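A structural walkthrough
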Amino acid sequence: MVQTVRGPVDAGALGQTLMHEHVFVVDPQSLGDYGAGNWWDEEHRIADAIAKLRRLVARGVSTIVDPTVWGIGRYIPRIQRVAAEVPSLNIIVATGVYTFADVPFRYSHHGPGTVFDAPEPMVDDFVKDITEGIARTGVKAAFLKCAIDHHGLTPGVERVLRAVAKTHARTGVPITVHTNPHAHTGIAAVDVFTEEGVDLTKVVLGHSGDSNDLDHLMRLADTGATLGMDRFGLDAYNPTASRVDTIVSLCARGYADRMVLSHDTACFMDIVGGQWDYLVEHLAPNWHYGHIHDDVLPALRERGVTEAQIHQMLVDNPRRHFS
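Now for a quick tour of the structure. Counting from 1, residues in each chain are numbered in the order their sequence is written. With the structure being a predicted model, the display of local features is reserved for residues of pLDDT at least 70 and the display and counting of side-chain atom pairs for 80 or more, all residues being used for whole-chain, interface and lining totals. Note that water and hydrogens are dropped before the side-chain values are worked out from all heavy atoms of the structure.

Some details on unusual backbone geometry
Even without being glycine, His207 reaches a positive phi, approximately 70°. Relative accessible area serves as the criterion here: at 2%, His207 is assigned to the buried category. Burial status follows relative accessibility: with a 1.4 Å probe on protein chains alone, a residue under 20% of its type maximum counts as buried, one over 50% as exposed, and anything between as partly exposed.

Right under this line is the structure:
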């Protein structure tokens with residue numbers, strides 16, 4: 001069984017799954033201080049999210065995996081409102097910390113090697129989210145999320161990665177890690193996880209699809225980890241045609257069982273303040289939930305990727321990840 005926003009679902013019933021999509025990425029401090037009445041209208045944004053996710057369901061998607069955690073604005077009550085109105089869609093949520101450098105201030109003086117030296121408190125917090133639920137909502141996290149970008153393995157990032165690994169050991173839930181493939185940070189993440197005894201077949205190396213370096217991608221996949229080909233539509237990082245070429249090449253080499261597909265988009269992100277709608281309409285028009293089904297899958301089929309391989313990436317690999 002896999003925990004979703006509306007409760008447990010059999011892993012075999014997840015269906016077509018997009019493995020890295022956000023619903024909202026909104027910093028709560030920014031929203032509370034500056035958003036309402038300016039760039040944020042709660043009811044409008046919830047209605048907009050419901051409409052977008054209903055259109056996604058109409059394309060055949062049954063599940064999205066939402067890795068929004070502490071650091072990028074996780075707020076489960078808002079997700080619950082959306083999920084209640086899109087009952088045909090499973091939304092799987094995460095626990096963890098998203099940082100490129102330091103741990104959140106709450107942990108800076110509490111934990112291994114700090115003023116209040118103690119076993120890692122993040123582990124207990126993450127375990128509570130998984131076993132009891134997030135912030136008294138009753139919604140349980142089904143996976144862990146962390147990040148390592150071009151800053152590398154800073155002390156804070158390493159603490160988070162090791163806390164995630166220890167939580168995985170205690171609970172068995174899988175891991176998604178934001179990586180920067182151009183800086184080869186997936187290798188560093190794999191090294192830490194290996195030291196901690198993580199089952200690498202339960203790790204998705206997010207944003208691997210930003211790279212077209214086949215040797216590097218195969219090296220990652222050969223560890224047993226899954227490649228997150230998950231930023232389709234974010235053409236500024238890697239154009240769709242190049243992303244398609246890379247997947248075609250990897251499928252031809254036998255790696256369809258180690259890739260998952262997604263967009264890493266959202267119904268709204270505050271990364272550009274209140275200009276999200278302008279961004280996705282004018283600067284990144286392909287960066288929406290429908291791009292894979294509308295454009296990418298036809299392109300893959302045209303290049304010889306089989307229906308069995310597409311099913312592997314959209315259905316079988318996500319099911320295995322959460323089984």
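Considerations on the pairing of strand 10 (residues 226-229)
A run of H or I in DSSP becomes a helix once it reaches four residues, and a run of E becomes a strand once it reaches two; helices and strands are each numbered from the N terminus. Along strand 10, one buried face is formed by Thr226 and Gly228 and the opposite face, lined by Leu227 and Met229, is buried too. Direction of pairing for strand 9 (residues 203-206) relative to strand 10: parallel, over a ladder of 2 bridges. Bridged to Val204 within strand 10 is Thr226. When the strands point away from the viewer and the connection leading from the first strand across the helix to the second strand turns clockwise, the crossover is called right-handed. This β-α-β element, strand 9 to helix 7 (residues 214-221) to strand 10, shows right-handed connectivity. Two strands form a pair only when DSSP identifies at least two bridges running between them. The pairing of strand 10 with strand 11 (residues 259-261) spans 3 bridges and is classified as parallel. Bridged to Met229 within strand 11 is Leu261. The β-α-β motif built from strand 10, the intervening helix 8 (residues 240-252) and the parallel element strand 11 has right-handed crossover chirality.

A closer look at the sheet that holds strand 6 (residues 90-96)
An order of 3-5-6-7-8-9-10-11 is seen for the 8 strands of this open sheet, with the pairing classed as parallel. Looking at the sheet topology across the chains shown, the edges are occupied by strand 3 (17-18) and strand 11. Across 5 bridges, the pairing between strand 7 (residues 143-148) and strand 8 (residues 175-179) is parallel. Looking across to strand 8, one finds that Cys146 is bridged to Val177. Strands strand 7 and strand 8 of the sheet are contacted by helix 5 (residues 155-171), whose axis makes an angle of about 160° with strand 7. We call two residues contacting when some pair of their heavy atoms lies within 4.5 Å. Comment: axis = line fitted to C-alpha atoms, over the contacting stretch for helices; angle = value between 0 and 180 degrees taken between N-to-C directions.

Considerations on the pattern of salt bridges
By convention in these notes, a salt bridge is any Lys or Arg side-chain nitrogen within 4 Å of a carboxyl oxygen on Asp or Glu. Taken as a whole and judged by the stated rule, the model has 23 salt bridges. Ionic pairing is found between Arg258 and Asp222, a salt bridge with its closest N-O pair at 3.9 Å. In this pair, Arg258 is assigned in the loop between helix 8 and strand 11 and Asp222 in the loop between helix 7 and strand 10, connecting sequence segments 36 residues apart. Arg258 gets classed as partly exposed once you look at its relative accessible area, which sits at 21%. Close ionic contact of Arg258 with Asp257 constitutes a salt bridge, the shortest N to O distance being 3.0 Å. Looking at Asp257, the relative accessible area reads 28%, which means it is partly exposed.

Structural notes on the side chain of His293
Tracing the chain through its elements places His293 in helix 10 (residues 291-302). The contact partners of His293, leaving out residues within four places of it in the chain, are Gln16, Arg59, Val61, Pro298 and Leu314.

A look at the packing of aromatic side chains
Each Phe, Tyr or Trp ring (for Trp, its six-membered ring) is paired with any other whose centre lies within 6.5 Å, and the angle between the two planes then decides the class: stacked below 30 degrees, edge-to-face above 60, tilted in between. Under the criterion given, the structure shown has 7 aromatic pairs. When the centroid spacing of 5.4 Å and the interplanar angle of 50° are considered together, the rings of Trp70 and Tyr107 count as tilted. With Trp70 in the loop between strand 5 (63-66) and helix 3 (76-85) and Tyr107 in the loop between strand 6 and helix 4 (121-131), this residue pair connects regions lying 37 residues apart in the sequence. Judged by relative accessible area, which is 36%, Trp70 ranks as partly exposed. Given a relative accessible area of 1%, Tyr107 falls into the buried group. For a Lys NZ or an Arg CZ to count as sitting over a ring, it must be within 6 Å of the ring centre and within 35 degrees of the ring normal. A cation sits over an aromatic face here: Arg78 above Phe24, 5.9 Å from the ring centre.

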